[in-house]
Amino acid sequence: MAIPPLVEPVDRLSGAESVRTARQRRLPQLNELGQRRLANARVLVLGAGGLGSPALVYLAAAGVGTIGIVDSDDVEPSNLQRQIVHGQADVGRPKVVSAAESIAAIAPEAVVVQHAERLDAGNAAAILGGYDVVIDGTDNFPTRFLVNDTCAALGLPLVWASVLRFDAQLSVFWATPPAGSGVRGVHLRDLFPTPPAEGEVPNCAEAGVLGALCGQVGSLMATEAIKLIAGIGTPLIGRILVIDALSGRFTEVPLIGTGIAATDPNPAATLAAPPTQAWQSLTPVDLVARLAARADGTDPFVVVDVREPDEHTESAIPDAVLLPLGDLLTEAGMATLPRDVPLVLHCHVGPRAEHAARALTAAGFTGLTLLDGGMVAWDAAVVAGTAPGVGRKWHGDAVTGASTTAARM
């Protein structure tokens, strides 16, 4: 199994971050390059509870640059037995606020995005779409299936686990792993085709749970995310790790993926089917030629930048429409795009633009083209002036030179 790294590395670590992660950077499999990938990664943790708490702590300690937290609950006294990111003084406070403060105390340079809301079919794609990998620490089946189907639709890897009493299960689901990796896609519905009936499976409040086991599993979830980000080791794709804490046994159960079912009863499922053919692509030099033709009125089209606003501010293609992927994936976001002219999609390197193309194709858009290599290629060829015959007129008002943003996908 050869899974390429999920994230491009930042140019360099800060002095403080280099000192803080020194022991980890000495690992030959991870090293300086892997650490710089972690610094550029965006990881979303769903639930700042029993599983999310240790995952958040170790993601922050590992040097993950951006950590999102989704949780609409406040801290309760009964949480403290297993939710180690919170303390007694946090009782009554929002979990996202308490968790963000704990992360800041460990890794001050980490960017923490607080999603103090309940995940539902209306906001799932917009929230998940801005991240590289998702960790599911939720505690109910409807949300778990919503998260799975949304990740499948977006092409995102999902680190999943479940804990009850003294037992736990852990796996990595990825419906559409990278082409050429030799990995067969697998997702939650391959393990549980449909959610169990309400009341069929007891929850932790009814059956109880060992807090230390939550710590073990949450730490393993963080480990799987780190492996995916850095492209190291063998992720738990196609394998279910089963933990029996009372006997101290760790066993594996193989899981064979069957693909995304066409009848998946989820709003996001319509985005999951891959397009019937690959989208067209063009190089930065090709795009410059088309921009010139558009200026002459012979080639109408719209460039759509699906990166985040801060990335767009640093370096942008002239007259590109900024529509971050999370916004584009919503009905309102798609409604802002024209359907009567071709669209050229780009992000920093490529994956986010591919996600956007997949969603737009499912929504009926045609004439989609991807900028080969994204903004990295544009900056190298156009901003840096390495492409022959390309003048400064195509650098864009927002461009100040080769992009200084941390490399993102």
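Figured I'd write up the structure that's included with this text. In this text, all values refer to a predicted model and were calculated from it rather than measured experimentally.

1. Regarding the overall build of the protein chain
Then, in step 1: For the protein chain, the helix and strand inventory stands at 16 helices and 13 strands.
Then, in step 2: The buried share of the protein chain, reckoned over its 409 residues, is 52%.
Then, in step 3: Long-range pairs, those at least 24 residues apart, make up 69% of the contacts in the protein chain with a sequence separation of at least 6.
Then, in step 4: By element, 55% of the accessible surface of the protein chain is carried by carbon and sulfur atoms, the whole surface being about 17,600 Å².

2. Overview of the environment of alanine 110
Then, in step 1: Considering the arrangement of structural elements, one finds alanine 110 in the loop between helix H5 (95-106) and strand S3 (111-115).
Then, in step 2: By relative accessible area, which is 17% here, alanine 110 ends up buried.
Then, in step 3: A C-alpha to C-alpha distance of 8.3 Å links alanine 110 and alanine 39, two positions 71 residues apart in sequence.
Then, in step 4: Apart from the residues within four sequence positions on either side, alanine 110 is in contact with Val64, Gly65 and Ile103.

3. A word on the sheet that holds strand S4 (residues 133-136)
Then, in step 1: The strand order S3-S2-S1-S4-S5-S6-S7-S8 describes an open sheet built from eight strands, whose pairing is mixed. The sheet is open, and its two edges are formed by S3 and strand S8 (249-254), each paired on a single side. Taking the axes of each pair of neighbouring strands and ignoring which way they run, one obtains an average angle of 15° across the sheet.
Then, in step 2: When S4 meets strand S5 (residues 158-164), the two strands line up parallel, connected through three bridges. Its bridge partner lying in S5, isoleucine 135 is registered against valine 159.
Then, in step 3: Most of the contacts of H5 go to S3, to which it runs at about 175°, and overall it touches strand S2 (66-70) and S3.
Then, in step 4: Along the sheet, helix H7 (residues 141-154) makes contact with strand S1 (42-46), S4, S5 and strand S6 (167-173), crossing S5 at roughly 165°.

4. Topic: the pattern of salt bridges
Then, in step 1: All told, the structure shown has eleven salt bridges when counted by the stated rule.
Then, in step 2: Residue arginine 25 is joined to glutamate 32 by a salt bridge in which the shortest nitrogen-to-oxygen separation is 3.0 Å.
Then, in step 3: Exposure remark for arginine 25: the relative accessible area of 22% places this residue in the partly exposed category.
Then, in step 4: Across the pair aspartate 299 and arginine 290 runs a salt bridge whose closest N-O atoms are separated by 2.7 Å.
Then, in step 5: Judged by its relative accessible area of 18%, aspartate 299 falls in the buried class.

5. Digging into the pairing of S5
Then, in step 1: For S5, the tally of buried residues reaches five of seven residues, placing the bulk of the element in the interior.
Then, in step 2: With respect to chirality, the unit in which S4 leads through H7 into the neighbouring parallel S5 is right-handed.
Then, in step 3: As judged from the seven bridges shared by S5 and S6, these two strands associate in the antiparallel manner. Residue pairing across strands places leucine 164 opposite aspartate 167, the latter belonging to S6.

6. Description of the packing of aromatic side chains
Then, in step 1: Tallied over the entire structure, the rule returns four aromatic pairs.
Then, in step 2: Aromatic side chains phenylalanine 141 and phenylalanine 145 sit 6.5 Å apart centroid to centroid with 40° between the ring planes, which places their arrangement in the tilted category. Residue phenylalanine 141 and its partner phenylalanine 145 are both found in helix H7; the two are separated by four residues, about one turn of the helix.
Then, in step 3: With relative accessibility at 3%, the residue phenylalanine 145 sits in the buried group.
Then, in step 4: Centroid distance phenylalanine 141 to phenylalanine 192: 6.2 Å. Interplanar angle 90°. Geometry classified as edge-to-face. Remark: phenylalanine 192 occurs in the loop between helix H8 (188-191) and helix H9 (204-207) and phenylalanine 141 occurs in helix H7; sequence separation between them is 51 residues.
Then, in step 5: In this structure an aromatic cluster arises from ring pairing among Phe141, Phe145, Trp160, Phe173 and Phe192.
Then, in step 6: Between the NZ or CZ atom of arginine 42 and the centre of the ring of tyrosine 131, over which it lies, the distance is 5.3 Å.
Then, in step 7: The residue whose ring lies beneath arginine 339 is phenylalanine 365, and the NZ or CZ to ring-centre distance is 4.0 Å.

7. Section: the sheet that holds strand S10 (residues 302-305)
Then, in step 1: An order of S9-S13-S12-S10-S11 is seen for the five strands of this open sheet, with the pairing classed as parallel. The open sheet has two edge strands, strand S9 (280-282) and strand S11 (321-322), and neither has a second partner.
Then, in step 2: Where S10 and strand S12 (residues 343-346) come together, four bridges link them in parallel fashion. The residue bridging valine 304 from the neighbouring strand is leucine 345, located in S12.

8. Quick word on the packing of helix H4 (residues 52-62) against helix H10 (residues 211-230)
Then, in step 1: Packing of H4 against H10 leaves a shortest axis separation of 7 Å and a crossing angle of 40°. As the angle between them shows, H4 and H10 are arranged oblique. The handedness of the crossing between H4 and H10 comes out as right-handed. Contact residues: Pro54, Ala55, Tyr58, Leu59 and Ala62 in H4; Cys214, Gly215, Gly218, Ser219, Ala222, Ala225 and Ile226 in H10.
Then, in step 2: A per-class count over the contact of H4 with H10 returns nine nonpolar, three polar and no charged.

What counts as what
Residues numbered from 1 in each chain as written. Predicted model: local features only at pLDDT ≥ 70, side-chain atom pairs only at ≥ 80, totals over all residues. Heavy atoms only, no water. Helix = DSSP H or I, 4+ residues; strand = E, 2+ residues; numbered from the N terminus. Buried < 20%, exposed > 50% of the residue type's maximum accessible area, 1.4 Å probe, protein only. Contact = heavy atoms within 4.5 Å. Areas by Shrake-Rupley, 256 points an atom, 1.4 Å probe, with all protein chains shown as cover. Pairing = 2+ DSSP bridges. Axes fitted to C-alpha atoms, helices over the stretch in contact; angles between N-to-C directions. Salt bridge = Lys/Arg side-chain N within 4 Å of Asp/Glu carboxyl O. Right-handed = clockwise from strand over helix to strand, strands pointing away. Phe/Tyr/Trp six-rings, centres within 6.5 Å; stacked < 30°, edge-to-face > 60°. Lys NZ or Arg CZ within 6 Å of the ring centre and 35° of its normal. Parallel < 35°, antiparallel > 145°, perpendicular 65-115°, else oblique. Left-handed = near helix turned anticlockwise from the far one by under 90°. Nonpolar A, V, L, I, M, F, W, Y, C, P; charged D, E, K, R; others polar.

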